[in-house]
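Chain by chain, the residues:
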Amino acid sequence: MCDQTFLAATFGPCDNCSKASPLMNIYLKNEPINYCSFCVEMMACQGLQKGETLTSLKKESETLKKKLEEERGKLTDVELHQVAEKVEAVAALSIKTRRVLKGHGNKVLCMDWCKDKRRLVSSSQDGKVIVWDGFTLNKEHGVTLPCTWVMACAYAPSGCAVACGGLDNKCSVVPLSLDRTENLAAKKKSVAMHTNYVSGCSFTNSDMQLLTSSGDGTCALWDVESGQLLQSFHGHTADVLSLDLAPSETGNTFVSGGCDMKANVWDMRSGQNIQSFESHESDINCVKYYPSGDAFASASDDATCRFYDLRADREVAVYQKDSIIFGASSVDFSLSGRLLFAGYNDYTINVWDVLKGNRVSVLFGHENRISRLRVSPDGTALCSASWDNTLRIWA
Amino acid sequence: MSSKLHSSNNINQRIPSSCELPRMSSKLHSSNNINHARRMVQQLRMEASRERIKVSKASADLMNYCHEHARTDPLLVGIPTSDNPFKDKKPCIIL
């Protein structure tokens, strides 16, 4: 369990003792209550007196977990790939490398597409963040951050700014200027503050809010303008490595995956963990929503990618092969959700048929492990970032 | 609980072990233990009471979505070279 070390989200009169102090926002019987930390401790001790011991709580935990498994099992009347047997197989794909983006001096750790479907931002181990025009290979902007290992970067929905963060434990927003001579690093603004490295970041539907995941085991939602923490998400028991926002039509949730092998779905407004999935056998490196928002996929160091349906509340497919023994680092869906592109540490990208569960194609080209891959917003191309210092655009 | 950044023997090492970083704290006080256990139970109670649908229904919906959008999926069905800005058209002649 991680310790929250950044400021509490609210300050005000405690619901119990009425003293004004930093409040802990917790839930009792699904009702939100705001107690100061002293009252929370008192309540914990009172709970003990009522006969609720650690052992009894643990036992109840185990019973509930078993019940959950039973409930989920009851609804597994058929497997996804069985239902998909009547679907036509995917025709042979003709996806090739169309662009190679060279310019980073070290491992490229992350990339993101701009909504205009041609620009993209990438960040690397040497602290450089570059904005590229994917059509022309032009480097439009470059920022050098004072820290190394910029593990996360994201393009703002407006296309006017990028967010980046990593070992500096921060996530900063850099406004992109049309003036090429302007020093972008000077306008960089620190928004998120974590107590360990920032592993992932994403703007919400606007440039005004930023969601981050961190090695400190938490995710957090920040107001970009003021840098204020709007909501924090606790539940992971180890580093959180990835997050993805639900597609806008389906509302305010996001999914995160981490080193505790769990994938958690969160409600952005309340901070509550709505659903949790634990079937991977090693760290989850990447999570990505299915285009309809009803499911998500995950990539893990256990060399498998898995597919979870949110309404059935369980894993519905595992994408694995005996010949694939290296961890998967990143996944993304094609526009219709039929194809799942997954980048692996053995330098390849495997393309899976999401419904039938078989591998459709393998994309070779990179000379080191894939760190991140993303399909463009209109689905015409796939971009992959790699430790071989390059990015490739496939179409 | 080992931090991802300290698995120096693991070939899937994320960053070099020479990077010194604080490990995530895992020590709990006894009252935190109770709180933690109570929160776990509340979380599980909430999860157990959720509405779920059958996998057959969920699968059918996923298949429908794929089917509806398959025609407009460029990477799945391929689009003409002229429509794809990343695919090179006729080679340019540089005079």
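A quick note: this is a predicted structure, and the numbers were derived from the prediction, not measured.

About the criteria used
- Residues numbered from 1 in each chain as written.
- Chains lettered and ligands numbered in written order.
- Predicted model: local features only at pLDDT ≥ 70, side-chain atom pairs only at ≥ 80, totals over all residues.
- Heavy atoms only, no water.
- Pairing = 2+ DSSP bridges.
- Helix = DSSP H or I, 4+ residues; strand = E, 2+ residues; numbered from the N terminus.
- UniProt positions renumbered as here; feature names shortened; annotations may be inferred.
- Axes fitted to C-alpha atoms, helices over the stretch in contact; angles between N-to-C directions.
- Phe/Tyr/Trp six-rings, centres within 6.5 Å; stacked < 30°, edge-to-face > 60°.
- Buried < 20%, exposed > 50% of the residue type's maximum accessible area, 1.4 Å probe, protein only.
- Lys NZ or Arg CZ within 6 Å of the ring centre and 35° of its normal.

Trainee: What am I meant to see in the pairing of strand S28 (residues 359–363) of chain A here?
Mentor: Each regular strand displays side chains that alternate between the two surfaces of the sheet. Residues and elements named next belong to chain A. Both strand S27 (residues 349–353) and S28 contribute to a ladder of 4 bridges, which runs antiparallel. Its bridge partner lying in S28, Trp352 is registered against Arg359. Between S27 and S28, which pair antiparallel in sequence order, lie 5 residues; one of them, Gly357, sits at a positive phi of approximately 85°.

Trainee: Could you clarify how one ought to interpret the UniProt feature "repeat: WD" (unreviewed entry) in chain A in this entry?
Mentor: UniProt annotation of "repeat: WD" (unreviewed entry) refers to residues 101–133, 191–232, 233–276, 277–318, 330–362 and 363–395 of chain A when read in the numbering used here. Helix makes up 0% of residues 101–133 of chain A and strand 61%, with an end-to-end C-alpha separation of 10 Å.

Trainee: Can you help me understand the sheet that holds strand S4 (residues 97–102) of chain A in this one?
Mentor: Residue and element names in this part refer to chain A. Strand order in the open sheet formed by 4 strands is S4-S31-S30-S29, and the pairing between neighbours is antiparallel. Both outer strands of the open sheet, S4 and strand S29 (370–375), are each paired with one neighbouring strand and no more. Across this sheet, the average inter-strand angle for adjacent strands is 20°, counted without regard to direction. Taken together, the 4 bridges between strand S30 (residues 382–386) and strand S31 (residues 390–394) define a ladder with antiparallel strand orientation. Following the sheet pairing, Leu382 is matched in S31 by Trp394.

Trainee: Help me understand the sheet that holds strand S12 (residues 189–193) of chain A in this model?
Mentor: Paired through backbone hydrogen bonds, the strands of a sheet run either parallel or antiparallel to each other. Residues and elements named next belong to chain A. One open sheet accounts for 4 strands, arranged S9-S10-S11-S12; its pairing is antiparallel. Two strands in the sheet have a free side with no partner beyond their single neighbour: strand S9 (152–155) and S12. Each adjacent strand pair in this sheet contributes to an overall mean axis angle of 20°, direction not counted. Where S9 and strand S10 (residues 161–165) come together, 4 bridges link them in antiparallel fashion. Across the sheet, Ala154 pairs through a bridge with Ala163, a residue of S10.

Trainee: I would appreciate a short explanation of the packing of aromatic side chains in the present structure.
Mentor: Geometrically, a pair of aromatic rings is defined through the distance of the ring centres and the angle of the planes. Residues and elements named next belong to chain A. Applying the stated rule across the entire model yields 15 aromatic pairs over all chains. Measuring from ring centre to ring centre gives 5.9 Å for Tyr319 and Trp352, while their planes differ by 40°; the resulting arrangement is tilted. Here Tyr319 is found in strand S24 (residues 314–319), whereas its partner Trp352 is found in strand S27, with 33 residues between them in sequence. For the residue pair Tyr319 and Trp352, the accessibility class agrees, reading buried in each case. Sitting over the ring of Trp387, Lys107 keeps its end group 4.9 Å from the ring centre. A cation over a ring is seen here: Arg369 above Trp387, with NZ or CZ 4.3 Å from the ring centre.

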